[in-house]
Amino acid sequence: MLLRRLTALSAATLVLMSSVNVLAAPARSWDLSRDVMSIPGYPNVTSYSGNTVGTWSFHYGAVSAPLSLGTFTSVPNTFYWGSGGGSNTPGVFVPGQSSTYFTASFTKGLVSLHPGPTQPVIVKWAGSTTSAVRVLARFSDIDPTVSVNCADGVKWVVYKNTTVLGNGVIANGNHGAVFDTAVSVVPADNLYFVVEPNVNYSCDSTALDVLITATP
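Residues numbered from 1 in each chain as written. Predicted model: local features only at pLDDT ≥ 70, side-chain atom pairs only at ≥ 80, totals over all residues. Heavy atoms only, no water.

### Section: the packing of aromatic side chains
Following the criterion strictly, the structure yields eleven aromatic pairs and no others. Arranged with centres 6.1 Å apart and planes meeting at 65°, the rings of W156 and F179 form a pair that is edge-to-face. Of this pair, W156 sits in strand β14 (residues 154–160) while F179 sits in strand β16 (residues 177–185), and the two are 23 residues apart along the sequence. Judged by relative accessible area, F179 falls into the buried class, the value being 7%. Clustering of aromatic rings is evident, with ring pairs tying together Y42, Y48, F58, F72, F79 and W81. (Phe/Tyr/Trp six-rings, centres within 6.5 Å; stacked < 30°, edge-to-face > 60°. Helix = DSSP H or I, 4+ residues; strand = E, 2+ residues; numbered from the N terminus. Buried < 20%, exposed > 50% of the residue type's maximum accessible area, 1.4 Å probe, protein only.)

Structural data, given as structure tokens:
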């Protein structure tokens, strides 16, 4: 009887130790929306120096030589990194609340991009890690306005460094462009999530949701 009790206790201890080990080694993940909402003072902050939040940074231009978007500032209901070239130039929006701004419908905490006439807008991930990662991204057109200059959607591209991992076109008002892949990275690698104008750049506000998870 004593031997049975000791055997049962040993088994229980092994299960408990296994559970502790699992809890002590959580999966590493990088969530774009979660991380931008960690900006000190969000959602009431009115400025944020620079264009980097954790492993993410915000740019425009060519992936091979991206330019940095300017310091984060506030506009009504929305926080904004921009190129400084005035309205309808590349920008990244981090809504402080769900609202409609001009003709686009923003969701609190969901990062949204708008390209310029010739300049794509870029979200860069620099995880500085050696791992296989699963990359899950969703691109959604959040401005379904239909007019002469507002009805042709946007192009999206995902790069590892300068290699295209996936691309496509979102029709005007489309909410279902999902990119899902596994890729190996080392600290020198960057991933880029890019939104480009299709034929015209008006009404091109595009929500981007990204989750990157390190796999065993």
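After that view of the structure, there is still more to cover.
### A short note on the pattern of salt bridges
Counting across every chain of the model gives three salt bridges. Between D35 and R34 there is a salt bridge, and its shortest N-O distance comes to 3.1 Å. With a relative accessible area of 15%, D35 lands in the buried category. Classification of R34 by relative accessible area gives partly exposed; the value is 41%. (Salt bridge = Lys/Arg side-chain N within 4 Å of Asp/Glu carboxyl O.)

### A closer look at the side chain of S140
Assignment of secondary structure puts S140 in strand β13 (residues 131–141). Not counting the four nearest positions on each side in its chain, S140 is found in contact with I170, N174, H175, S205, T206 and A207. (Contact = heavy atoms within 4.5 Å.)

### Looking at the confidence of the model for the protein
Residues at a pLDDT of 70 or more form 85% of the protein, whose mean pLDDT is 83. In the predicted structure, residues 1–26 sits below a pLDDT of 50 and forms zero contacts with residues beyond four places in sequence or in another chain. (pLDDT = per-residue confidence, 0-100.)

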